[in-house]
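# Structural description and commentary
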Amino acid sequence: MSAPAVTADVHVPFHVASIDDDDVAAVVEVLRSGWLTTGPVAAQFEQAFSAQLGGEVESLAVSSCTAALHLALEAVGVGPGDQVVVPSYTFTATAEVVRYLGAHPLVVDVDPRTGNLTAEGVARAVDELPQPIGSAVRALVPVHFAGLPCEMEQLCALAESRGWAVVDDAAHALPAARRGIPVGRYADATAFSFYATKPLCTGEGGMVVTRHAALAERMRVMRLHGIDRDVFDRYSAPDRWRYAVVAPGFKYNLSDMAAALGLSQLTRLRAMRDRRAEVAGAYSAALAGEEGLEVPPEAAAGDLHAWHLYALRVLDGPDVRNRLVRELGELGVGASVHFIPLHEQPYYRDSYGLEAARFPGAARLFDQEVSLPLFPGMTEAQVERVAEAVPVALARARG
Ligand SMILES: Cc1ncc(COP(=O)(O)O)c(C=O)c1O
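Residues numbered from 1 in each chain as written. Predicted model: local features only at pLDDT ≥ 70, side-chain atom pairs only at ≥ 80, totals over all residues. Heavy atoms only, no water.

### Regarding the sheet that holds strand β5 (residues 165-169)
Counted only if it meets this: Only when DSSP finds a minimum of two bridges between them are two strands counted as paired. Each helix is a run of H or I in the DSSP string that is no shorter than four residues. Each strand is a run of E no shorter than two, and both are numbered from the N terminus. Lines are fitted to the C-alpha atoms to define the axes, a helix being fitted only along its stretch in contact, and any angle between axes, read from their N-to-C directions, falls within 0 to 180 degrees.
One open sheet holds the 7 strands; their spatial order is β1-β9-β8-β5-β4-β2-β3, and the pairing between them is mixed. Of all the strands in the sheet, the pair left with one neighbour each is β1 (58-62) and β3 (104-108). Pairwise comparison of adjacent strand axes, ignoring direction, gives a mean angle of 25° for this sheet. Pairing of strand β4 (residues 137-140) with β5 involves 2 bridges; the strand directions are parallel. Looking at the pairing, Leu-140 lines up with Val-166 of β5.

Okay, here's the thing in structure tokens:
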């Protein structure tokens, strides 16, 4: 039987950033204002960001999620020789920031169904460690793969019982919620990404959020060279030339141009997330019955999925999956694979002796995963095109 034809006239890139006229006007206004770096608009963005998490947290705008993670781990006191639990199934940024501080990533396997850490898996992995490595664990960094929230109440309870800090990598998880509580309110500090493909984008950018005043203060100082006052204070206060360097800090502040884009996008964050969820629902409805495919898990009742990625599983394994990505490309559909797990990356594999056999969950997900296009501006024609292209490309990939 020959494969059904696919209409070839609709091209679907993997991602297109959602930028509307209000976004453009907001950035242009900053450009015309004469104040381009961190200033009043970044402060407004921070306040609005805290408000969308329900208040009672402080938000600090930074240059990336990587910067946010670095600041947060430094602020909770991670230092040389410490161990920090990270999932195997993540982007290198989650682990590299641990190395910036001279600490070591303790790479733990994930649940292959969700791609997320579980409290049970983390406890088991840490309890198997020899001493003194086990007692050097200082922090836990959950990642909400694809925007599906982790079991934060259980991970935070485990961390509390062991005396670890929780620094949440929420690069994919805006807006997301677990048991009705937004991601951003569970951990000691939470890092969000505004990278070009993320649910809210400023090109490059991020936000670090905390409910602890002391952590906020430390991160505020370290975000800007370890200077005891913000750029805007420095240029607007009467004694504007005077400042004190109280620590060797970093250069991680966000410009007002980027903040204007973020502030404008924040007004339609929920609408953009809902459109992503709608597209994901359409894909799952179309593909759930296809033999050899498994659609990604939905959020549990009371949880909110950010749907940053639509992570389809190809049960045939990596060869067919790799060919499927190429065949989709031939059909004009941009697809990708998330992630190449840490245990497959030469630096982490070789530095820490990470063998694939110790990470069966991440290894299985990596063998099967393919990310389909998912962005708020997708047209119905584009959604249909992807849904009909997948079975055709899969048939071709199977040869
Ligand atoms: C899980 C995860 N953490 C952190 C990051 C880093 O984000 P940023 O590019 O904003 O530094 C990414 C980026 O893709 C990511 O996927």
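### Some words on the pairing of β3
The side chains of a regular strand alternate, residue by residue, between the two faces of the sheet. Inclusion rule: The buried label applies to any residue whose accessible area, calculated with a 1.4 Å probe on protein chains only, is under 20% of its type's maximum; exposed applies above 50%, and partly exposed to all values in between. By convention, a crossover is right-handed whenever its connection, traced from the first strand over the helix to the second and viewed with the strands pointing away, goes clockwise.
Among the 5 residues that make up β3, 4 are buried, leaving the element largely enclosed by the rest of the structure. Looking at chain direction, strand β2 (residues 83-87) and β3 are connected through 5 bridges and run parallel. Residue pairing across strands places Gln-83 opposite His-104, the latter belonging to β3. Taking the sense of rotation as the criterion, the β-α-β connection linking β2, helix α4 (residues 92-100) and β3 turns out right-handed.

### So, the nonpolar core
Applicable threshold: To form a nonpolar core, buried Ala, Val, Leu, Ile, Met, Phe, Trp, Tyr and Cys residues must be joined to one another through side-chain atoms within 4.5 Å. An automatic or database domain assignment provides the domain bounds reported here.
One finds Leu-73, Val-85, Val-122, Leu-140 and Met-219 to be the most contacted residues of the largest nonpolar core, which totals 68 residues. A total of 8 residues in this core trace back to one element, the largest contributor, which is helix α3 (residues 65-75). Lining this core are residues from two domains, each supplying at least three of them: domain 1 (21-266) and domain 2 (269-398).

### Observations regarding the packing of helix α1 (residues 21-33) against helix α9 (residues 256-266)
Here is the rule we go by: We call two directions roughly parallel when the angle between them is under 35 degrees, roughly antiparallel when it is over 145, roughly perpendicular when it lies between 65 and 115, and oblique otherwise. Throughout, a crossing is termed right-handed when the near helix is turned clockwise from the far one, and left-handed when it is turned anticlockwise from it by less than a right angle. Contacts are assigned to residue pairs that have any heavy atoms within 4.5 Å of one another.
At a minimum axis separation of 8 Å, α1 and α9 run at an interaxial angle of 150°. In terms of orientation, α1 lies roughly antiparallel with respect to α9. Two packed elements cross with a definite hand, and for α1 against α9 that hand is right-handed. Of the residues in α9, those touching α1 at Asp-22, Asp-23, Ala-26, Val-27, Val-30 and Leu-31 are Asp-256, Met-257, Ala-260, Leu-261, Ser-264 and Gln-265.

### Concerning the environment of Pro-199
Inspection of the secondary structure assignment puts Pro-199 in the loop between β8 (189-193) and β9 (206-210). C-alpha separation for the pair Pro-199 and Ala-363, spaced 164 residues apart in sequence, amounts to 26 Å. Ignoring sequence-local partners within four residues, the contact set of Pro-199 consists of Ala-171, His-172, Leu-174, Leu-269, Met-272, Arg-276 and His-308.

### Re the packing of aromatic side chains
To be explicit about the condition: Each aromatic pair joins two rings of Phe, Tyr and Trp (for Trp, the six-membered one) with centres within 6.5 Å, and gets the label stacked for planes under 30 degrees apart, edge-to-face for over 60, and tilted for any other angle. Note on geometry: a ring has a charge over it if NZ (lysine) or CZ (arginine) is within 6 Å of the ring centre and within 35 degrees of the ring normal.
Taken as a whole and assessed by the stated rule, the structure comprises 11 aromatic pairs. Seen in terms of ring centroids, Tyr-89 and Phe-339 are 6.0 Å apart; in terms of plane orientation they differ by 70°. Their pairing is edge-to-face. Here the residue Tyr-89 occupies a position in the loop between β2 and α4, and Phe-339 occupies one in the loop between α11 (318-330) and α12 (346-352), the gap between them amounting to 250 residues. Note on accessibility: Tyr-89 and Phe-339 belong to one class, buried. Between Tyr-347 and Tyr-348, the ring centres sit 4.9 Å apart and the planes meet at 80°, which makes this aromatic pair edge-to-face. With a relative accessible area of 40%, Tyr-347 lands in the partly exposed category. Classification of Tyr-348 as buried rests on a relative accessible area of 5%. Taken together, Phe-45, Phe-49, Phe-192 and Phe-194 form an aromatic cluster joined through their ring pairs. Over the face of the ring belonging to Phe-366 we find Arg-321, whose NZ or CZ atom lies 5.5 Å from the ring centre.

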